[in-house]
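Coordinate analysis (summary)
The primary structure of each chain is shown beneath.
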Amino acid sequence: MRVALISPIAWRTPPRHYGPWESVVSLLCEGLVKRGVDVTLFATGESITEGELRSVCQVGYEEDKNIDPKVWEGLHIANVFQSADEFDIIHNNFDFLPLTYSGLVETPVLTTIHGFSSEKILPVYEKYNKRTYYVSISNSDRNSGLNYIGTVHHGIDLNQFTYRELPEDYLLFFGRLHRDKGPKEAIETAKRSNKKLIMAGIIQDEGYFKDEVEPHLNEQITYIGSVGPEERDKLLGGALALLHPIYFQEPFGLSVVEAMACGTPVIAYNKGSMPELIEDGVNGFIVNDVDGALRALENISSIDRKRCREIVEEKFSVDRMVDKYIKVYEKILEERGGNM
């Protein structure tokens, strides 16, 4: 089976720190290669893979602001489809733009929809619905007007996350500094519970950060920026709980699963995929507001940290993700009468 795997070019694949889509693509790519699948990764030139790497853009445009995203995204996608006949499947992890090329090639195109940034992009998905194949990353993130060949939850490399039986006495906010992620509510929860809060992640909304986060930073509430894998492991494992007070329908939530892999329970707002990741009262709590988060914190010791880890091992390992994608590929090739 010859698979062309399209990664975004905002960041390196795998990313140095932030880059959730690139992270998932990297894990899938390396997992497929280990299974003997012939994978060509289309990503930035500095990306790292055991498969074949092809690129037109050396560095991610978020890492080099001199790069025009629209120009290099166009060249990146064209590079894939100009060689489409070399592959049995093109697996698109690049959002909607590659779909506009799909009608020009015979090779079947599978798109993992990592979320809908806006309803404005739906016309592209609708146009190529039934002509191509869609995978959702959670059941909650499905659009009723589209057809899906399956749902594949993200998997993580458990070797990158160390189980910690005994946490330290701090709360953690780990994600984009943007109102959608609820950093303001995380701060309020920490203040009202009189707990230390560590905040880590990229600043995605400068105005929001200056108005709602920066004025509250002190010895109790600290912001440490975006962190790499080693520091991420330490932060997630040492936390008493991960606060995830989201205000949008989150398609998945990698940090939620990563925290649980370290044994850390998650307190999340009841939005999007959270009920698919969190068993209320088992590996965390699903709440609706700050008051609910405070009640959850009062009962955080009732959560078995070992069970948090076990649930990730059972449901969200990279091996399980790879297994499911291989089955999707096989189903597509069977429908198309292709050879594996």
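For the structure itself, look to the data block above.
Report follows, based on the coordinates. Everything numeric in this text was worked out from a predicted model, so none of it was measured. The residue count restarts for each chain, going from 1 along the sequence in the order it is written. Given that this is a predicted model, residues contribute local features only at a pLDDT of at least 70 and side-chain atom pairs are listed and counted only at 80 or more, while totals for whole chains, interfaces and linings are drawn from all residues. Working from all heavy atoms in the structure, the side-chain values ignore hydrogens and water.

1. Examining the sheet that holds strand 12 (residues 266-269)
Where we set the bar: In this scheme, strands are said to pair when DSSP sees at least two bridges between them. Strands are runs of DSSP state E lasting at least 2 residues, helices are runs of H or I lasting at least 4, and numbering of each runs from the N terminus. Think of each axis as a best-fit line through the C-alpha atoms, taken over the contacting stretch in the case of a helix, with angles from 0 to 180 degrees between the N-to-C directions. The contact rule is simple, with two residues in contact once any of their heavy atoms fall within 4.5 Å.
The six strands are arranged 10-9-8-11-12-13 in an open sheet whose pairing can be described as parallel. Pairing within the sheet leaves two strands with one partner each, and these edge strands are strand 10 (221-223) and strand 13 (284-287). The mean angle between the axes of side-by-side strands here comes to 20°, regardless of whether they run parallel or antiparallel. Summarising the sheet, strand 8 (residues 170-174) and strand 11 (residues 241-244) pair through two bridges and their orientation is parallel. Paired with L172 across the two strands is L242, which belongs to strand 11. Strands strand 8, strand 9 (196-200), strand 10, strand 11 and strand 12 of the sheet are contacted by helix 5 (residues 183-193), whose axis makes an angle of about 160° with strand 9.

2. Re the side chain of N93
Inclusion rule: Burial here depends on accessible area, computed with a 1.4 Å probe over protein chains only, as a share of the maximum for the residue type. Under 20% is buried, over 50% is exposed, and the range in between is partly exposed. Throughout this description, a polar contact denotes any pair of N or O atoms lying within 3.5 Å of each other; where both atoms belong to protein, one of them has to be capable of donating a hydrogen while the other can accept it, and for residues adjacent in sequence the pair is counted only when both atoms sit in side chains.
With respect to the secondary-structure elements, N93 resides in the loop between strand 4 (89-92) and helix 3 (99-102). Owing to a relative accessible area of 2%, N93 belongs among the buried residues under this scheme. One polar contact links N93 to H114, side chain to side chain, over a distance of 2.9 Å. Ignoring anything within four residues of it in the chain, the contact list for N93 reads L5, I6, P8, W21, V25, T112 and H114.

3. Comments concerning the nonpolar core
Stated precisely, the cut-off is as follows: What is meant by a nonpolar core is a set of buried Ala, Val, Leu, Ile, Met, Phe, Trp, Tyr and Cys residues, joined one to another through side-chain atoms within 4.5 Å.
Among the nonpolar cores identified, the biggest contains 86 residues, and L110, L172, L197, I267 and Y329 are the most heavily contacted of them. When residues in this core are grouped by element, the largest group, nine residues, is from helix 12 (residues 318-336). Look past the residues within four positions of L110 in its chain and what remains in contact with it is I90, H91, N92, Y133, Y134, V135, I149, Y325, V328, Y329 and I332. Listed in part, the 18 residues of the second largest apolar core include A4, I77, F81 and V105.

4. Re the sheet that holds strand 6 (residues 133-136)
Ordered in space as 3-2-1-4-5-6-7, the seven strands form an open sheet in which the pairing is parallel. With partners counted over all chains shown, the strands left at the sheet margins are strand 3 (52-54) and strand 7 (150-151), one partner each. Pairing of strand 6 with strand 7 involves two bridges; the strand directions are parallel. Note on strand 7: the bridge partner recorded for V135 is G150. Along the sheet face, helix 1 (residues 20-34) touches strand 1 (2-6), strand 2 (38-42) and strand 4 and points at about 155° away from the line of strand 2. Contacts from helix 2 (residues 69-81) reach strand 1, strand 2, strand 3, strand 4 and strand 5 (109-113), with the element oriented near 175° to strand 1.

5. Some details on the packing of aromatic side chains
The condition is simple: Pairing of aromatic rings covers Phe, Tyr and the six-membered ring of Trp, with a centre-to-centre limit of 6.5 Å; geometry is then stacked below 30 degrees between planes, edge-to-face above 60, and tilted otherwise. Counting as a charge over the ring demands two things of the Lys NZ or Arg CZ atom: a distance within 6 Å of the ring centre and an angle within 35 degrees of the ring normal.
For the structure shown, the criterion picks out 10 aromatic pairs. Taking the centre distance of 6.0 Å and the plane angle of 75° together, the rings of F252 and F316 count as edge-to-face. With F252 in the loop between strand 11 and helix 8 (254-261) and F316 in the loop between helix 11 (305-315) and helix 12, this residue pair connects regions lying 64 residues apart in the sequence. Judged by its relative accessible area of 1%, F316 falls in the buried class. One aromatic cluster is present, formed by F116, Y125, Y134 and Y148 through successive ring pairs. Above the face of the F248 ring, R176 is positioned so that its terminal group lies 5.6 Å from the ring centre. Cation over ring: K306 sits above Y163, and NZ or CZ is 5.0 Å from the ring centre.

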